[in-house]
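# Structural characterization, general
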Amino acid sequence: MTRRTGRAGGNERGGSRRTLVRLFVLPLSAAVGLVLTGTVANSADAAAACAGRPAKTVSFKTGELRVFKSRAYACAVAVAKKPGSRRPMSLTLQPRGGSPVTDSGQYTTQAGPVTVHALNRCVRASATISGKSASTGWILC
């Protein structure tokens, strides 16, 4: 039995290059990609918190109120325009004829997500971030 050397045969040097690429180059390029797209990821994180399709977005001075709708549920998040230090945030979501669900506290990025059962129901949402607020009125009717 003869042993072939060369790149096609998978000699030790070619294998170590592939290992080097797998261990260092690929993770490094992934890390650079995460750093460069960090600002986009913040808005995507808020959307990922709620299931369903975006139904309504209300912008106000200090943030955005985002409402999502799936088949039987409505979900909302309040996202700060400038994430940073802790500040008072409050989010309320209420189905028509039901009790409101609230999330409030000192947050850096967002309040929520808050989910309510909204099959064949209207909902209304309101959010407050650092004293500035927004609301939707009755929607998804």
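Residues numbered from 1 in each chain as written. Predicted model: local features only at pLDDT ≥ 70, side-chain atom pairs only at ≥ 80, totals over all residues. Heavy atoms only, no water.

Moving on, we get to the state of the cysteines. Taken as a whole, this structure holds two disulfides when the rule is applied. Sulfur-sulfur distance for the disulfide between Cys 50 and Cys 75 comes to 1.9 Å. Taking the sign of the S-S torsion, -60 degrees for the link of Cys 50 and Cys 75, the bridge is left-handed. Of the two residues, Cys 50 is situated in the loop between α2 (38-49) and β1 (53-60) and Cys 75 in strand β3 (residues 73-80); the sequence distance between them amounts to 25 residues. We classify Cys 75 as buried; its relative accessible area is 4%. Counting its disulfide-bonded cysteines in sequence order, the chain shows a connectivity of 1-2, 3-4. (Disulfide = S-S within 2.5 Å. Helix = DSSP H or I, 4+ residues; strand = E, 2+ residues; numbered from the N terminus. Buried < 20%, exposed > 50% of the residue type's maximum accessible area, 1.4 Å probe, protein only.)

Looking now at the pairing of strand β4 (residues 87-95). In terms of residue burial, β4 counts as a mostly covered element, since seven of its nine residues are buried. One ladder, built from seven bridges, connects β4 with strand β5 (residues 101-107); its direction is antiparallel. When the sheet's bridge partners are listed, Pro 88 is paired in β5 with Gln 106. Connecting β4 to the next strand, β5, in antiparallel fashion are five residues, including Gly 97 with a positive phi near 85 degrees. Both β4 and strand β7 (residues 123-129) contribute to a ladder of seven bridges, which runs antiparallel. Bridge pairing in β7 places Met 89 opposite Ile 129. (Pairing = 2+ DSSP bridges.)

Residues Leu 65, Leu 91, Leu 93 and Val 123 are the most contacted members of the largest nonpolar core, which totals 21 residues. Discounting chain neighbours no more than four positions away, the residues touching Leu 93 are Ala 74, Cys 75, Ala 76, Ser 99, Pro 100, Val 101, Val 114, Thr 115, Val 116, Val 123, Arg 124 and Ala 125. (Core = buried A, V, L, I, M, F, W, Y, C linked by side-chain atoms within 4.5 Å. Contact = heavy atoms within 4.5 Å.)

In this section: the packing of aromatic side chains. Inspection of every chain in the model, using the stated rule, returns zero aromatic pairs. In this arrangement the basic side chain of Arg 96 is found over the ring face of Trp 138, its NZ or CZ atom lying 4.3 Å from the centre. (Phe/Tyr/Trp six-rings, centres within 6.5 Å; stacked < 30°, edge-to-face > 60°. Lys NZ or Arg CZ within 6 Å of the ring centre and 35° of its normal.)

Turning our attention to the confidence of the model for the chain. Summarising the model, the chain shows a mean pLDDT of 81, and 67% of its residues fall at 70 or more. In the model, residues 28-43 has pLDDT below 50 throughout and makes one contact with residues more than four positions away in sequence or in other chains. (pLDDT = per-residue confidence, 0-100.)

Take the environment of Ala 74 next. Along the chain, the position of Ala 74 falls in strand β3. Separated by 23 residues in sequence, Ala 74 and Ala 51 have C-alpha atoms that sit 8.5 Å apart. Leaving out residues up to four positions away in the same chain, Ala 74 has contacts with Phe 68, Leu 93, Val 114, Thr 115, Val 116, Ala 118, Val 123 and Leu 140.

Here Asp 103 shows up in strand β5. Despite its burial, Asp 103 remains without a salt bridge, the nearest opposite charge being carried by Arg 86 at 10 Å. A distance of 2.7 Å separates a polar atom in the side chain of Asp 103 from the backbone nitrogen of Gly 112. Beyond its immediate sequence surroundings of up to four residues, Asp 103 is in contact with Met 89, Ser 90, Leu 91, Ala 111, Gly 112 and Val 114. (Lys, Arg positive; Asp, Glu negative; His and termini not counted. Salt bridge = Lys/Arg side-chain N within 4 Å of Asp/Glu carboxyl O. Polar contact = N/O pair within 3.5 Å; in protein donor to acceptor, adjacent residues only side chain to side chain.)

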